[in-house]
Protein chains: 2
Amino acid sequence: MGLRERKKEKTRLAILDAALDLFLEQGYDSTTVEQIAGSVDISPRTFFRYFTSKDAVAFWFHEHGEEIMLEVLRSRPAGESPFVSMTHALRAVLRDLQDSTPEDAQRFLKLRRLLDDHPHLVGLSVARGAETERHLATEIAARRGADVTTDRVSHLVVAIAMSSLRVGFECPPGRRPELSQVVQQMEETLELVESMMRPGWDTGEPVPPADRPGSGAA
Amino acid sequence: MGLRERKKEKTRLAILDAALDLFLEQGYDSTTVEQIAGSVDISPRTFFRYFTSKDAVAFWFHEHGEEIMLEVLRSRPAGESPFVSMTHALRAVLRDLQDSTPEDAQRFLKLRRLLDDHPHLVGLSVARGAETERHLATEIAARRGADVTTDRVSHLVVAIAMSSLRVGFECPPGRRPELSQVVQQMEETLELVESMMRPGWDTGEPVPPADRPGSGAA
DNA sequence: GCGACTTATGTCACAATGTGACACGAAGAT
DNA sequence: ATCTTCGTGTCACATTGTGACATAAGTCGC
């Protein structure tokens, strides 16, 4: 890897760290791009060359996770049921998280605290997740041999899987958990979701009708 | 209702309609607040007094739906299982949609097309939905007699219910469905989700462990 | 090492979103 | 009729985000 790319990566991380610290110190809204840029001695214009927006700082983890999940998804055996494939993808993200360097772990925890303090950002992260969900759904639909534009099961598989990750990510306000605790909580939530689903729910096999409330007897 | 409030409501709807039409005509990004304001003869400043942001135009439906759902949720009998309560809340939104005036129906369909054409807005809607999900989860947790900050089942109940609504909302690109078709599709998706869940999954009863893939045999 | 190229950065200019402050005029109350 | 309330317009302003261009640093072939 050349000097250029190393420098770029260094700058990127410097911006990321500076931004996270400033956000946590003085709040997200009160922190301007100018401040962030100033604290790493770059021009505001350059900030936007590294992050497409101020919000994008909070997406960094999502984008990384999406790459991993898509990669894992494509590597799973063809016959595997979609949700099982998704759980493997999710657990790959969790493993990557656990194996990350102490620096990255710190960044992750800072990001978690930031999202804790600023629900608005959770929303934006989720919004970013919607994009991710479409990519994943496309992949899943392909595996199911279905058309992603019409096959609702594919979308639901992804939506439910991502929900478990998102719910597991949250913590009681004020908590400052260790990385391993967060990972464990995400793992537990995933297991909880797995146990909630009816066997074979994601394979498109006909399932016995459940007793539904408002549907017929309104 | 006084003249003032009637005027206000009229202005609000005028802005909404003008914004939706402009967005659909020339794209969301290419449409400025100045244009919207101009086309209903108000100052841009006044636009922001009716809608907190340009994005907020796309949230109008979400906010309406959230009110309905919270209201229904609070009116459900105490013993009812959380997810069943949520399905009633969701179906109340669907009923309200079907019973809406032709004008509101048009607005809804325009909004749907807008979200179809601009995935970015779907994201923002979902972001707004994250806010909604927290409110609903609080209500659900109260019904379960659980602490919303720790009870993951509450969050999952809401997340899964909202997922079904969101997935049912989507259409193949380019489709221009009737209102009733969209509603029917949402209803079908909800039924699909109901059939996917293991009976009693939302009541916190211990469930038999399912055969999970990566958990023990990694 | 030298020259030609690629590319990251800074500067400048600018559009657009969003907000606070203040003044004016119409709606509403007594 | 008068006083109060409140919606609106105007002005000023901060902030985010982008395009264009110049410059300097990194990269590659010789």
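Please refer to the structure higher up on the page.
Note that the structure is predicted; figures quoted are calculated from it, not measured. (Residues numbered from 1 in each chain as written. Chains lettered and ligands numbered in written order. Predicted model: local features only at pLDDT ≥ 70, side-chain atom pairs only at ≥ 80, totals over all residues. Heavy atoms only, no water.)

Student: Sorry if this is basic, but what is going on with the interface of chain B and chain A here?
Tutor: Interface size is commonly expressed as the accessible surface area that is lost when the partners come together. In this assembly, 47 residues from chain B lie in contact with 47 residues from chain A. Of the roughly 3900 Å² buried between chain B and chain A, counting both surfaces, carbon and sulfur atoms make up 67%. The tally of links from chain B across to chain A stands at four salt bridges. Of the charged contacts in the structure, one is a salt bridge between A:Arg166 and B:Glu133, with a shortest N-O distance of 3.3 Å. At the junction of chain B and chain A, the tally comes to twelve residue pairs in polar contact (both at pLDDT 80 or more). (Contact = heavy atoms within 4.5 Å. Buried area = accessible area lost by both parts, 1.4 Å probe. Salt bridge = Lys/Arg side-chain N within 4 Å of Asp/Glu carboxyl O. Polar contact = N/O pair within 3.5 Å; in protein donor to acceptor, adjacent residues only side chain to side chain.)

Student: How should I be thinking about the packing of helix H5 (residues 82–98) of chain A against helix H7 (residues 119–144) of chain A in this particular structure?
Tutor: Packed helix pairs are specified by the crossing angle of their axes together with the interaxial distance, meaning the distance between the axes. All names here are of chain A. Interaxial distance between H5 and H7 falls to 10 Å at its minimum, and their mutual angle equals 140°. In terms of axis orientation, H5 runs oblique to H7. The interaxial crossing formed by H5 with H7 has right-handed handedness. Packed against H5, whose contacting residues are Pro82, Ser85 and Met86, the element H7 presents Leu136, Ile140, Arg143 and Arg144 at the interface. (Axes fitted to C-alpha atoms, helices over the stretch in contact; angles between N-to-C directions. Helix = DSSP H or I, 4+ residues; strand = E, 2+ residues; numbered from the N terminus. Parallel < 35°, antiparallel > 145°, perpendicular 65-115°, else oblique. Left-handed = near helix turned anticlockwise from the far one by under 90°.)

Student: Just to check I follow, could you spell out the relation of the copies chain B and chain A for this structure?
Tutor: Superposing the two chain copies requires a rotation about an axis and a translation along that axis. Superposing chain B onto chain A requires a rotation of 180° together with a translation of 0.0 Å along the rotation axis, leaving an RMSD of 0.1 Å. Viewed as a symmetry operation, the transformation between the two copies matches a two-fold axis. (Least-squares fit on C-alpha atoms with pLDDT ≥ 70 in both.)

Student: It is not clear to me how the packing of H5(A) against helix H8 (residues 152–169) of chain A should be interpreted in this structure. Could you clarify?
Tutor: Residue and element names in this part refer to chain A. Relative orientation of the contacting elements H5 and H8 amounts to 30°, with a least axis distance of 10 Å. It follows that H5 is roughly parallel to H8 by the angle criterion. Classified by chirality, the crossing of H8 by H5 is right-handed. Note on element contacts: H8 touches H5 through Val157, Ile160, Ala161, Ser164 and Leu165, opposite Pro82, Phe83, Met86, Leu90 and Leu94. Along the lines of polarity and charge, the residues of the contact of H5 with H8 split into nine nonpolar, one polar and no charged. (Nonpolar A, V, L, I, M, F, W, Y, C, P; charged D, E, K, R; others polar.)

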